[in-house]
Structure formats: C-alpha cells, structure tokens
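# Structure at a glance
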Amino acid sequence: MAAGPSGGGVGCGMAGGCCLLFSLLAVGRAAALPGGMLYPRETPSRERKELGGLWSFRADFSPGRDAGFVQRWYRQPLRQTGPVIDMPVPASFNDITQDPSLENYIGWVWYEKEVLLPLRWLQDDLNTRVVLRFGSAHYYSIVWVNGVQVMEHEGGHLPFEADISSIVQGSPGIPCRITVALNNTLTPHTLPPGSIQYMNDKTRYPKNYFVQNIRFDFFNYAGIHRPVVLYTTPSVYIDDITVTTTSSESVAMVQYQVSVVGSTLYSLSLSLRDQEGKVVATGDGPAGELKVLNPNLWWPYLMHKNPGYRYCLEVKMQAQVNGALLEDVYTLPVGIRTIHVTSTQFLINGRPFYFHGVNKHEDADIRGKGLDWPLVVKDFNLLRWLGANSFRTSHYPYAEEIMDLCDAYGIVVIDECPGVGIKMLESFGNKSLQHHLVVMEELIRRDKNRPSVVMWSVANEPASELPPAAYYFKTVIAHTKALDPSRPVTFVTDANYALDRGAPYVDVICVNSYFSWYHDPGHLEVIPLQLTTQFENWYKTYQKPIIQSEYGADSVPGLHSDPPLMFSEEYQKAMLREYHSVFDKKRKEYVIGELIWNFADFMTNQGTTRVLGNKKGIFTRQRQPKSAAFVLRERYWKIANESSCLPPIIKSHTLFLK
C-alpha cells in the first residue's frame, strides 16, 4: 500500500546538521554477513540466554546527532554520559514515553544492557564460542561489547550476530556491557528508501528544521524490535544447513547440505524423526539425500486434516581439537512439500492451491513493531477463525518466531523483503541495487528452509514503469532465483500492465488495485468492469497466474451508512462483495489468490487522509472484528469447503485448530 511523499521528522538545531547526521551512515555500507544464520536453539551442545527486558536508553538530541560518537558513549556505562531512561526490548521506542520529540525522532539513539554470563561460558580452555545475536533492529546498527566494536548491520528486519568470545572470555565475574547505536534515517539508497528534506523558509520553520520523507503508508517505527540473545556453540560448530525436498505418492527425498566452521577434520551424522520420535531416515557427510517412505507431507491449513506436518532433522558433528572430542548438535524442523507454477495454477504437492488470505503488518499499540507473544498468538487464532490460509509479509520480513508458527500451523507465506517505496529514480541505481541484492541474500539465508514460504517477493509497488526498472528487477529476480531455484519469485505491482518493465521477469503476477476507493471514489458500480479488465489485460499480456495482492477500503469502527458511504463499515463490506463476484469468475481461469488489505488497522504518519492510522483493517488495531471480517470469514470457509477433498467443514470451523 503506497503513500504520498510526506513523512515525519524532527527539527535539527545546528547548521550542517544534515551532513553530520549522515556522515556515520556513509562510512562503509555493511555487507551480507558470511556463513549461515541458523536460529539459536538450545540443544545438548548449545545454550541460550535471553536479553529481553529493560535496557538503558538515550536519544542523541545534539544538533548533529553525533555527540554519542564524538564523546564515545560506548567507552563507559551509558548512565555516565548523561540522562538515560528505561526502554523495553523488544519494542519500538516511539510510543513508549510521553515525549513527542521521541515519537518522531530521526537520528541516532543508544541502547545499553549489562549482563553476567555463566562461568562455564567464560573459560576459554573449554572450546566454547559465545555469540551475540539480534533478531532485528531498525535501521542501521553499530554494536560494542565492553567498548569494543563487534559488528555493524544495515537493514531493519533481518538478524545479525557476532562472535564475542575473545572479548568476554577470561574475565569471569565482570558484567558484559552491550552498547548499541541505532539510526532510523532512511535515504534514497536504503531499503525501504526515504529522503531528508530541510525546510529552509525561516519565516515558517525553525533553523535547520527537517523532515524524513517516505513513500510508504505505515509508520517508520524504530528500535530493537526482536529478541536479543547470547548463545553458545563449540569452537567447531555447525554453521549452516540447507534442505530441499521432492516427493511422490509413496516416497520423498530430503536433500541436505551442511557447513561446518572451525575445522576441516570432522564427521557428520544425520537422523530424520517423525512427530512420534521415530527415526525414518539417516545419513552422514556434509551433503546427501535422505529417503523417506510413505511420507507425511506438509500441507497448508484447510487442505489436510493434519496441516503443517514437520519432521525433525538432527545434525550431529564430532571433531577432535587439541586432543579433545567436540560435539555439536543442531535440530531443524523440516516440512516435505513441493511447489509448481503453471500458466494458470499454483500447485502445492501437486494440488491446486488458492490463496485466500490477508496482508498484515507488525504493528500494535504501544510496542509498535516490537515482537509481542500475546499479540502474535492472538493474530494466528484470528487467522484460523477467519479461514485464512496465507498472508504476505507486507512490506518486510516478519519475525522468525512468527514464521515458526506459519510452519507449524500450515499458513502459507509470500515472503517479502523491505523493498517498499522504491519511487525515486536514484533508488534504481547501482548503489541501491547492490544493497537490494544483499538484503535478498540475508532473507533467503534466514528463511530458505521454511515449508510455509512458497514465494519470494522482491518489492511492493515500485515505480516499475521507469526505464531503469527493467534492468533493476531483472537483476534482483535473477539473483534471487540463483540463490534459491526451488521457489517462484514475484514483486507486487500497481503499475499499468502495458508499462510495467519488471513484470516480464516474475513467475506470478501480483497486482494491487483500489477501484472505487483511490480510483473513482464512492462508485462501487465501476468495480466489476474495471477489475475484470485489469485481470484480462494482465493475463493476455503475460500468460501467468494472477494474485489480487491488495484490495480494500477504510472503515471507521462503528460508523454506519445505508446506502453505503465511504469510511462506513457498510461501504467496506459492499466493496469486498463487488470484488468477490469478479474473483469467483476469474479463479475458474487464472486468478490464484486474493489477499485483503488489511488484516488489522495500523499506524501511519499523520496526514489529512489518516485518522490515527490506516483503517483498512477487517479488525481494529486492538484486534476486534469489523463487519467485513464476518463477510470474509463466510467466504474463506466456503472456498475451503469447495477446494478441500475432505468432508464438509464449514459447520465446524474449529476442526483444524490445534
């Protein structure tokens, strides 16, 4: 969902502040981290320590936003540098306080946490490796441990980590001080892009006043948004695992590759267990194939009585180091399923799959984009109540914990990178392109083994009609396919079918349209003709299956009007029904999915068309249903009944709830 060019900002109080603000961002862009990015699980050889809770926090309100670097705040406890406040992690910092200057703050903020590590982690003669890992932090991060810089990372939605063993080991009993400098500034070359605009009219704005312009319609929340953990491995360890699967009726093959770091002299053994703990296949060595007889396939929610079936792959490594035997164990959930795309269908395990789902946001009151378990579980309960079988991670990768539940519950995912708001010509240049390629590497490295992820999306509503978009998206999509040949690739477009320069390179057409809302507002009667024409033009041009990846209308909860008028709950319902009548005709041909915009209301920048955020949710921001939720629920369960080979299930919507 795109937005206008306006954005939030905060004044800057010194001439030249803009240059100072960006100077540190310009110092060497962080490249994709080498090696793997396995989720930190506890195993017989690995321990994990959560660092969530209250951290010390300080925003740098100096004119150039650079006082923290000039004064080297990382060299001492943050409280000694000036006033600090408590800040929960994970959470966005914007809505936590009553300070309006923090709500819209742009620049560097500082976090700090002191933690005591277990003694057994600190004895360097035990060949133990200690790793500091961030699930995500928005947007640009620099991390120090005990005053020593250990890593930098660019990007707000993917994990990053560093081995800190050499810093913390050998100093038992001394607190480990973790300092993070975090900058939420968006530039034409970040992902998502943005720009800083200085308001130079001194009769209207304070000196050096600036705003952060963005071209996307959700609030640019910032902070440490996902869990921070310390975990251990042996000094020789399993660094990465890659799994792909194929299957027939009676046999499945699980292809694997395992990388080990720390030694070239090691042995690997693998065992695949079913959900009852029975070993169904074994293997050894860094690469190979496991044969599974009569496999339980991973099926989407509502396509099977046991959706989301996963095996457990246990990988065990042994190595000799200085006469000592080291062992590392890692367990990876594995779902066996196949994907195939034709000119008219999307097949999962050889059966046609129809996406009836939602677009979402990581967004909620107070915590912003911070991971919140009660909210996550509530959302999944609502998805299954709704009869939704899928969602797109609009418009950035979601937390790994959310993706785990998609795997477990059988919720199909279109996994989208943060490529939203790519509107400016300069955002299609080589600098932006190189960063986009790195982001796709990081995303695929993180989510490549997830059975729920059936398609990658490399962007949302870019200016794909611009001439540079052809080379740009050809390159990004080719790179994505080279990294992962097993999944189709798309991007989500709102461009004219005849002008879109990126569409020739996608496997599935994903199109957003808001007939009778942004186009011909208030005129529901135009939807059948315009939507039918849209589908026919796209399919005639590209002969590829189509997903209606966004459609919807704002509705203010409790606002009613009959006949339906815009912003009323009745208008939202009426718009949905007009779209649905066309979907029902075209899904018999080449339309393979419909994703409502949006699952729930969410916060945006302030503007004359936004009353405390975007109100296109079928649920409120507090997850209460609007009238449209019941319309969609009835429809989704009806579709599920029609497409399922199981007995009728509409009378018992809870049949598949685990």
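Residues numbered from 1 in each chain as written. Predicted model: local features only at pLDDT ≥ 70, side-chain atom pairs only at ≥ 80, totals over all residues. Heavy atoms only, no water.

### Brief notes about the sheet that holds strand S20 (residues 339–341)
- The 3 strands lie next to each other as S20-S21-S22, forming an open sheet whose pairing is antiparallel. A single partner strand is all that each edge strand has here, and the edge strands are S20 and strand S22 (351–352).
- Bridging between strand S21 (residues 346–348) and S22 involves 2 bridges; their strand directions are antiparallel. Its bridge partner being in S22, Leu347 is matched across the sheet by Pro352. (Pairing = 2+ DSSP bridges. Helix = DSSP H or I, 4+ residues; strand = E, 2+ residues; numbered from the N terminus.)

### What about the UniProt feature "domain: Glycoside hydrolase family 2 catalytic" (unreviewed entry) in the chain?
- Those places that UniProt annotates as "domain: Glycoside hydrolase family 2 catalytic" (unreviewed entry) correspond, in this numbering, to residues 339–640.
- Secondary structure content for residues 339–640 is 35% helix and 16% strand, while the C-alpha to C-alpha distance between its ends is 19 Å. (UniProt positions renumbered as here; feature names shortened; annotations may be inferred.)

### Here we look at the nonpolar core
- Ranked by size, the top nonpolar core spans 103 residues in total, and within it Trp110, Phe380, Phe391, Val458 and Phe473 carry the most contacts.
- Per-domain counts for this core show at least three residues from each of domain 1 (47–184 + 220–232) and domain 3 (339–643).
- Excluding anything up to four places from it in sequence, Phe391 contacts Val358, Lys360, Phe380, Leu383, Tyr398, Ile402, Cys406, Ile411, Val412, Val413 and Ile414. (Core = buried A, V, L, I, M, F, W, Y, C linked by side-chain atoms within 4.5 Å. Buried < 20%, exposed > 50% of the residue type's maximum accessible area, 1.4 Å probe, protein only. Domains from an automatic or database assignment. Contact = heavy atoms within 4.5 Å.)

### Describing the packing of helix H10 (residues 527–542) against helix H11 (residues 569–586)
- In contact at an axis separation of 9 Å, H10 and H11 are set at 40° when each is read in the N-to-C sense. The orientation of H10 relative to H11 falls into the category oblique. Of the two possible hands of crossing, H10 and H11 adopt the one that is right-handed. For the pair H10 and H11, the contacting residues are Ile527, Pro528, Leu531, Thr532, Phe535 and Glu536 in the first and Met575, Glu578, Tyr579, Val582, Phe583 and Lys586 in the second.
- Looking at the contact of H10 with H11 residue by residue, the classes come out as 8 nonpolar, 1 polar and 3 charged. (Axes fitted to C-alpha atoms, helices over the stretch in contact; angles between N-to-C directions. Parallel < 35°, antiparallel > 145°, perpendicular 65-115°, else oblique. Left-handed = near helix turned anticlockwise from the far one by under 90°. Nonpolar A, V, L, I, M, F, W, Y, C, P; charged D, E, K, R; others polar.)

### Thoughts on the pairing of strand S10 (residues 194–198)
- The side-chain alternation of S10 yields one buried face, formed by Gly194, Ile196 and Tyr198, and one unburied face, formed by Ser195 and Gln197.
- Of the strand pairs in this sheet, S10 and strand S11 (residues 210–214) are connected by 5 bridges, and their pairing is antiparallel. Each residue of the ladder has a partner; that of Ser195, found in S11, is Asn213.

### Focus: the domain arrangement of the chain
- Once the domains are mapped, the chain shows domain 1 (47–184 + 220–232), domain 2 (236–334) and domain 3 (339–643).
- Distance from the C-alpha centre of domain 1 to the C-alpha centre of domain 2: 34 Å.

### Some thoughts on the confidence of the model for the chain
- Across the chain, the average pLDDT comes to 92, with 92% of residues at or above 70.
- Confidence over residues 2–31 falls short of pLDDT 50; this stretch has 90 contacts with residues more than four positions distant or in other chains.
- Long-range and interchain partners of residues 647–658, a stretch whose pLDDT sits below 50, account for 26 contacts in this model, where long-range means more than four residues apart. (pLDDT = per-residue confidence, 0-100.)

### Notes on the state of the cysteines
- Applying the stated criterion to the full structure yields 0 disulfides.
- No disulfide involves Cys312; its nearest neighbouring cysteine sulfur is the one of Cys406, lying 19 Å away.
- Looking at Cys312, the relative accessible area reads 30%, which means it is partly exposed.
- Distance from the sulfur of Cys417, which forms no disulfide, to the nearest cysteine sulfur (Cys510) is 13 Å.
- A relative accessible area of 1% means that Cys417 is categorised as buried. (Disulfide = S-S within 2.5 Å.)

### Focus on the environment of Pro462
- Relative to the helices and strands, Pro462 resides in the loop between strand S26 (453–460) and helix H9 (469–483).
- Put simply, Pro462 and Ile422 are 40 residues apart on the chain and 4.7 Å apart in space, counted from C-alpha to C-alpha.
- Ignoring any residue separated from it by four or fewer positions in sequence, one finds Pro462 in contact with Ile422, Lys423, Phe473, Phe491, Val492 and Asp494.

### Topic: the sheet that holds strand S27 (residues 489–493)
- An order of S23-S24-S25-S26-S27-S28-S29-S30 is seen for the 8 strands of this closed barrel, with the pairing classed as parallel. Each strand axis lies, on average, 25° off the axis of its neighbour in the sheet, ignoring direction.
- Two elements, S27 and strand S28 (residues 509–512), share 2 bridges in a ladder whose sense is parallel. Within S28, the residue paired with Thr493 across the bridge is Val511.
- Each of S26 and S27 is contacted by H9, which is oriented at about 155° to S26, the strand it contacts most.
- Those strands touched by H11 are strand S29 (546–550) and strand S30 (591–596), and its axis lies near 165° from that of S30.

### Comments concerning the packing of H11 against helix H12 (residues 627–643)
- Put simply, H11 and H12 touch, their axes get as near as 8 Å, and they point 20° apart. Classified by the interaxial angle, the pair formed by H11 and H12 is roughly parallel. Crossing geometry of H11 relative to H12 is assigned as right-handed. Of H12, the residues touching H11 (which contributes Glu569, Gln572, Lys573, Leu576, Arg577, His580, Phe583 and Asp584) are Ser627, Ala628, Val631, Leu632 and Arg635.

### What about the side chain of Arg623?
- Relative to the helices and strands, Arg623 resides in the loop between S30 and H12.
- Here Asp379 takes part through its side chain, which lies 2.8 Å from a polar atom of the side chain of Arg623.
- One polar contact links the side chain of Arg623 to the main-chain carbonyl oxygen of Arg621, over a distance of 2.9 Å.
- What Arg623 contacts, discounting residues up to four positions off in sequence, is His361, Asp363, Leu375, Lys378, Asp379, Leu382, Phe599 and Ala600. (Polar contact = N/O pair within 3.5 Å; in protein donor to acceptor, adjacent residues only side chain to side chain.)

### Quick notes on the pairing of strand S16 (residues 279–284)
- For strand S15 (residues 266–273) and S16, the ladder comprises 5 bridges, and the chain directions are antiparallel. Residue pairing across strands places Leu272 opposite Ala281, the latter belonging to S16.

### Let's talk about H10
- Over its 16 residues, H10 extends 22 Å from the first C-alpha to the last, a length consistent with the 22 Å expected when each residue adds 1.5 Å.
- Ile527, Leu531, Gln534, Phe535, Trp538, Tyr539 and Tyr542 are the residues of H10 that are buried. The buried residues of H10 occupy an angular sector of 110° when projected down its axis, which confines them to one face. Those residues of H10 that are exposed and angled more than 90 degrees off the buried face are Leu529 and Lys540.
- Against S27, S28, S29, H11 and S30 lie the buried residues of H10.
- Just downstream of H10 lies Gln543, where phi reads positive at about 55°. (Expected span 1.5 Å × (residues − 1). Arc of directions from axis to C-beta.)

### Section: the pattern of salt bridges
- Applying the stated rule across the entire model yields 32 salt bridges.
- Glu362 is the partner of Arg226 in a salt bridge, and the nearest nitrogen-oxygen pair spans 2.8 Å. Taken together, the residues span a long stretch of sequence, with Arg226 in the loop between S11 and strand S12 (228–234) and Glu362 in the loop between strand S23 (355–359) and helix H6 (373–386) at a distance of 136 residues. Of the two residues examined, Arg226 and Glu362, each falls in the buried class.
- Two residues, Asp404 and Arg450, come together in a salt bridge whose shortest N-O distance is 2.9 Å. Highlighted residues: Asp404 in helix H7 (residues 400–409) and Arg450 in the loop between helix H8 (430–447) and S26, separated in sequence by 46 residues.
- By relative accessible area, Asp404 is classed as buried at 18%.
- A residue is classified by how much of its surface remains accessible, and Arg450, at 8% relative accessible area, is buried.
- Among the charged side chains, a network of salt bridges with common partners joins Asp404, Asp407, Arg446, Asp447 and Arg450. (Salt bridge = Lys/Arg side-chain N within 4 Å of Asp/Glu carboxyl O.)

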